[in-house]
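Below, each chain spelled out in residue letters.
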Amino acid sequence: MSDTAWTPLRLRDVTVPNRVWLSPMCQYSADSAGAPTDWHLAHYASRAAGGVGLVMVECTGVAPDMRTTTRDLGLYTRKQVAGHRRLASAIASLGAVPAVQLGVAGRKTSHGAPWDNAGARHAVPPAEGGWQPLAPSALPFAGLAVPTEMTAWDGTRILEDLELAARNADRAGYQVLELHGANGYLFHEFLSPLANHRGDEWGGNLAGRMRFPLEMVRALRTSWPEDKPLLVRLPAEDLLTDGLTTDDMTAVATRLGAEGVDMLDLSSGALVPEAARLTEPLHNAHYGPRFRTAGPLVAASGAISEPHHLEAVPNLVDAVLVGRAMLRDPYWALRARGADPLESWPKQYHRAF
């Protein structure tokens, strides 16, 4: 296996020790105030000790109604910031770079946790502790509530929420910030003609549909320290007839680079449940060479589960984010590296070898 996946990567003033990172995987385990719990500390600290270069903390809401569930993490109160500071400190102390993904859920919000009731397709109405979704257009996702079409006032409020969340992420000690702009959430909803039917300046052709997403990025870049990198998780395409194409998304990627985005984190599909699902190994990474021409560095997640998958990394992308494989094994990265355990594993575990 090539050592390239294990070489450092510099993003602005942050040096990540290797290019195998923990993907943000929602735990739906926040406390009643949206703050991290002991579960989060154990979960993220173990992956940091497990050899990844960067730990991306799960999708964290920028406002109460921008979460997907009541058990999502948030970054809009002092208590939440204190809990995140504990997480970021633990991750850094164990040798990984602490990062956090910010979420603006749009129409895919106010639903149950995956293991409760009917799960993520089960709408939780305001009378039962949920809230009214906001979206570019009044088009629901699956069985969730019909969202309210966003007004200019709503847009201003969301931009202010993003600014506050970025400042709070910095206060918490995170070194890398990512905006979740894929998987059918608000950023993606604005971009896709299948979810955005607006007739004003936020709709119409691709230039109009990307106008508010670019405002979201500007709000983050101006509120996040200049020396810290900003990432965007971006759909490579919709995988749907008449949806976003890869040509569309490389055009968006070029604009994101001009706005100060340092790296794209490629995903695909998930705008609607009927979208095709790509399951071959490294499926999103295979889009990497096309997106590398847009300017920002490129990372990708998706079906990376075996050590030999990392051999393709230098030819496709600049980093990979591993999700489900690391849920199964916190030490997947150490095993994948294949180095002498006495050199690479935590010294507290050396006697096991």
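Going by the structure above, here's the rest.
Residues numbered from 1 in each chain as written. Predicted model: local features only at pLDDT ≥ 70, side-chain atom pairs only at ≥ 80, totals over all residues. Heavy atoms only, no water.

A. Representation of the overall build of the chain within the structure. When you go through the chain residue by residue, the secondary structure sums to 12 helices and 12 strands. Compactness check: the chain gives a C-alpha radius of gyration of 19 Å against a globular reference of 20 Å for 353 residues, within 12% of the reference. The principal-axis extent of the C-alpha atoms belonging to the chain is close to 60 × 45 × 40 Å. Residue pairs in contact within the chain that sit at least 24 positions apart in sequence constitute 69% of those at least 6 positions apart. By element, 51% of the accessible surface of the chain is carried by carbon and sulfur atoms, the whole surface being about 13700 Å². Seen as two clouds, the 33 positive and the 38 negative side-chain charges of the chain have centres 5 Å apart. (Helix = DSSP H or I, 4+ residues; strand = E, 2+ residues; numbered from the N terminus. Rg over C-alpha atoms; globule rule 2.2 N^0.38 Å. Contact = heavy atoms within 4.5 Å. Areas by Shrake-Rupley, 256 points an atom, 1.4 Å probe, with all protein chains shown as cover. Lys, Arg positive; Asp, Glu negative; His and termini not counted. Charge placed at Lys NZ, Arg CZ, Asp CG, Glu CD.)

B. Highlighting the nonpolar core. Val-20, Leu-162, Leu-234, Leu-256, Phe-291 and Leu-310 are the most contacted members of the largest nonpolar core, which has 81 residues in total. For this core, the element with the most residues is helix α3 (residues 152-172), which contributes seven residues. In this structure, Leu-11, Trp-21, Ala-299 and Ala-319 belong to the second largest nonpolar core, which totals 15 residues. (Core = buried A, V, L, I, M, F, W, Y, C linked by side-chain atoms within 4.5 Å. Buried < 20%, exposed > 50% of the residue type's maximum accessible area, 1.4 Å probe, protein only.)

C. Fine view of the environment of Leu-191. Residue placement: Leu-191 occurs in helix α4 (residues 186-191). Here the alpha-carbon distance between Leu-191 and His-180, two residues 11 residues apart in the chain, equals 13 Å.

D. Broad picture of the pattern of salt bridges. Tallied over the entire structure, the rule returns 16 salt bridges. Between Glu-226 and Arg-12 there is a salt bridge whose closest N-O contact spans 3.0 Å. In this pair, Glu-226 is assigned in the loop between α6 (211-223) and β9 (230-235) and Arg-12 in the loop between β1 (9-11) and β2 (14-16), connecting sequence segments 214 residues apart. Residues Arg-233 and Asp-265 are paired through a salt bridge, measuring 2.8 Å at the closest nitrogen-oxygen approach. Linking Arg-233 in strand β9 with Asp-265 in strand β10 (residues 263-267), this pair joins segments that are 32 residues apart in sequence. Pair check on accessibility: Arg-233 and Asp-265 agree, each one buried. Sharing partners across several salt bridges, the network here consists of Arg-12, Arg-221, Glu-226 and Asp-262. (Salt bridge = Lys/Arg side-chain N within 4 Å of Asp/Glu carboxyl O.)

E. Looking closely at a nonpolar patch on the surface. Taken together, the side chains of Leu-342, Tyr-349 and Phe-353 present a nonpolar region at the surface, about 320 Å² in accessible area. Examined against the element boundaries, Leu-342 turns out to sit in helix α12 (residues 341-344). (Patch = residues over 30% accessible without salt bridge, like charges linked within 9 Å, V, L, I, M, F, W, Y side chains within 5 Å.)

F. Quick peek at the pairing of strand β5 (residues 97-103). Here β5 lies mainly inside the structure; seven of its seven residues are buried. The alternating pattern of β5 places Val-97, Ala-99, Gln-101 and Gly-103 on one face and Pro-98, Val-100 and Leu-102 on the opposite face, and all of these are buried. Both strand β4 (residues 54-61) and β5 contribute to a ladder of six bridges, which runs parallel. Bridge assignment links Thr-60 to a residue of β5, and that residue is Leu-102. Handedness of the crossover joining β4 and β5 through helix α2 (residues 78-93): right-handed. Direction of pairing for β5 relative to strand β8 (residues 176-180): parallel, over a ladder of four bridges. Bridge pairing in β8 links Gln-101 to Glu-178. (Pairing = 2+ DSSP bridges. Right-handed = clockwise from strand over helix to strand, strands pointing away.)

G. Layout of unusual backbone geometry. With a phi close to 55°, Ser-110 is a non-glycine residue in the positive phi region. Counting through the fold element by element, Ser-110 comes out in the loop between β5 and β6 (134-135). Take Ser-110: its relative accessible area is 4%, and that puts it in the buried class. We note that Ala-303 has phi near 60°; this positive angle belongs to a residue other than glycine.

H. Summary view of α3. Here α3 contains 21 residues, and its C-alpha end-to-end distance of 30 Å stays within 8% of the 30 Å for a straight helix at 1.5 Å per residue. Restricting attention to buried positions, one finds in α3 the residues Asp-154, Gly-155, Arg-157, Ile-158, Leu-159, Asp-161, Leu-162, Ala-165, Ala-166, Asn-168, Ala-169 and Ala-172. (Expected span 1.5 Å × (residues − 1).)

I. Just α6, in detail. Taking 1.5 Å per residue, 13 residues should reach 18 Å; α6 reaches 19 Å between its end C-alpha atoms and fits that length. Three or more residues of α6 are buried, namely Phe-212, Pro-213, Leu-214, Met-216, Val-217, Ala-219, Leu-220, Arg-221 and Ser-223.

J. How the structure looks around the side chain of Thr-246. Note that Thr-246 resides in helix α7 (residues 246-258). Residues contacting Thr-246, with those up to four places away along its chain left out, are Ala-236, Glu-237, Tyr-287, Arg-290 and Phe-291.

K. Expanded view of the state of the cysteines. Counted by the stated rule, this structure contains zero disulfides. Between Cys-26, a free cysteine, and Cys-59, which holds the nearest cysteine sulfur, the sulfur-to-sulfur gap is 5.3 Å. The exposure class assigned to Cys-26 is partly exposed, which follows from its relative accessible area of 31%. (Disulfide = S-S within 2.5 Å.)

L. Region of interest: the environment of Ala-63. Within the secondary structure, Ala-63 sits in the loop between β4 and α2. Accessibility expressed as a relative area gives 4% for Ala-63, which makes it buried. Between the C-alpha atom of Ala-63 and that of Tyr-76, which follows or precedes it by 13 residues, the distance is 6.2 Å. Residues within four places of Ala-63 in sequence aside, it is in contact with Tyr-76, Arg-157 and Asp-161.

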